[in-house]
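# Fold and geometry: a report
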Amino acid sequence: QVQLVESGGGLVQAGGSLRLSCAASGRTFSSYAMGWFRQAPGKEREFVAAINWNGGSTYYTNSVKGRFTISRDNAKKTVYLQMNSLKAEDTAVYYCAAGRIWDRIAGSYDYWGQGTQVTVSS
C-alpha cells in the first residue's frame, strides 16, 4: 500500500516556475514507477510525465518537454516535478500516481494523491 501527498502548487505568473513534490508512505516506494497527471476544469485527466523505479528513464508529454523535469529521491520517498516557463494552459490540478508499469495511461497506476492546484496567470 502506498499513500501519496502532493504539495507545492500555487499561483504563479506566466513564465514563472514551481516545483511540485509528492511524498509517499510505505516501504515499497522504490519499486514503483511514478507519474504526474493533470486535470483542467472541464477536461479529462491527462498525462504529464513519468519516471521509472530508479530514475533512470523519464517520459514526457510533448507539451511540457523542455520545460518540465520529473525526478525522484527514493531515500526520501519523494517524486518531484520541476515546472519552468509556465503557461496559462498549464493551469490544472496536478496529481501524482504510483504504479508497477510506467507509461502515460492513467489506468496503469494503482495509487493516487489528492492533487495540488497550479494556477498560471497570463
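Since the model is a prediction, treat every value here as computed from it, not as a measurement.

## Details of the state of the cysteines
In total, this model carries one disulfide according to the counting rule given. Disulfide partner of Cys 22: Cys 96, at an S-S distance of 1.9 Å. When the S-S torsion is 50 degrees, as for the bridge of Cys 22 with Cys 96, the disulfide is right-handed. Of the two residues, Cys 22 sits in strand 3 (residues 18–25) while Cys 96 sits in strand 9 (residues 92–99), which places them 74 residues apart along the sequence. An identical accessibility class is assigned to Cys 22 and Cys 96; each is buried.

## Some remarks on the pairing of strand 5 (residues 46–51)
A regular strand places its side chains on the two faces of the sheet in alternate fashion. Counted residue by residue, strand 5 has five buried out of six residues, so it is predominantly covered. Hairpin remark: strand 4 (residues 33–39) followed by strand 5, antiparallel, with six residues in the connecting loop; positive phi at Gly 42, about 75 degrees. Of the strand pairs in this sheet, strand 5 and strand 6 (residues 58–60) are connected by three bridges, and their pairing is antiparallel. Directly across from Ala 49, in strand 6, lies its bridge partner Tyr 60. From the end of strand 5 to the start of strand 6, which pair antiparallel, there are six residues, and Gly 55 there has a positive phi angle of about 80 degrees.

## So, the pattern of salt bridges
Under the counting rule described, the total for this entry stands at three salt bridges. For Arg 38, the salt bridge is made with Asp 90, and the minimal N-O distance between the two is 2.9 Å. Of this pair, Arg 38 sits in strand 4 while Asp 90 is found in the loop between strand 8 (78–83) and strand 9, placing the two residues 52 residues apart along the sequence. Overall, the relative accessible area of 1% leaves Asp 90 in the buried class.

## As for the nonpolar core
Within the largest apolar cluster, 30 residues are counted, with the highest numbers of intra-cluster contacts made by Leu 4, Met 34, Trp 36, Leu 81, Met 83 and Tyr 94. At the level of elements, strand 3, strand 4, strand 5, strand 7 (68–73), strand 8, strand 9 and strand 11 (116–121) are the ones that each hand at least two residues to this core. Among residues more than four places away in sequence, those in contact with Tyr 94 are Glu 6, Leu 20, Trp 36, Phe 37, Arg 38, Val 48, Phe 68, Leu 81, Met 83, Gly 115, Thr 116 and Val 118. Among the nonpolar cores identified, the runner-up in size contains five residues, and Phe 37, Phe 47, Ala 50 and Ala 97 belong to it.

## What to know about the packing of aromatic side chains
For the structure on display, the rule yields seven aromatic pairs. Relative to Tyr 109, the ring of Phe 37 has its centre 5.3 Å away and its plane inclined at 80 degrees; by these criteria the two rings are edge-to-face. Here the residue Phe 37 occupies a position in strand 4, and Tyr 109 occupies one in the loop between strand 9 and strand 10 (111–112), the gap between them amounting to 72 residues. Tyr 109 shares its class with Phe 37; the two are buried. Plain terms: the ring middles of Tyr 59 and Trp 102 are 6.5 Å apart, the flat faces sit at 90 degrees to each other, and that makes the pair edge-to-face. With Tyr 59 in strand 6 and Trp 102 in the loop between strand 9 and strand 10, the pair connects residues that are 43 residues apart, well separated along the chain. Residue class for Tyr 59 comes out partly exposed when judged on its relative accessible area of 31%. Through a chain of ring-to-ring contacts, the aromatic side chains of Phe 37, Phe 47, Tyr 59, Trp 102, Tyr 109 and Trp 112 assemble into a single cluster. When the ring centre of Trp 112 is taken as origin, the NZ or CZ atom of Arg 45, which lies over that ring, is 4.8 Å away. Across the ring face of Tyr 32, the terminal group of Arg 100 is positioned such that the distance to the ring centre comes to 4.1 Å.

The rules we used
Residues numbered from 1 in each chain as written. Predicted model: local features only at pLDDT ≥ 70, side-chain atom pairs only at ≥ 80, totals over all residues. Heavy atoms only, no water. Disulfide = S-S within 2.5 Å. Helix = DSSP H or I, 4+ residues; strand = E, 2+ residues; numbered from the N terminus. Buried < 20%, exposed > 50% of the residue type's maximum accessible area, 1.4 Å probe, protein only. Pairing = 2+ DSSP bridges. Salt bridge = Lys/Arg side-chain N within 4 Å of Asp/Glu carboxyl O. Core = buried A, V, L, I, M, F, W, Y, C linked by side-chain atoms within 4.5 Å. Contact = heavy atoms within 4.5 Å. Phe/Tyr/Trp six-rings, centres within 6.5 Å; stacked < 30°, edge-to-face > 60°. Lys NZ or Arg CZ within 6 Å of the ring centre and 35° of its normal.

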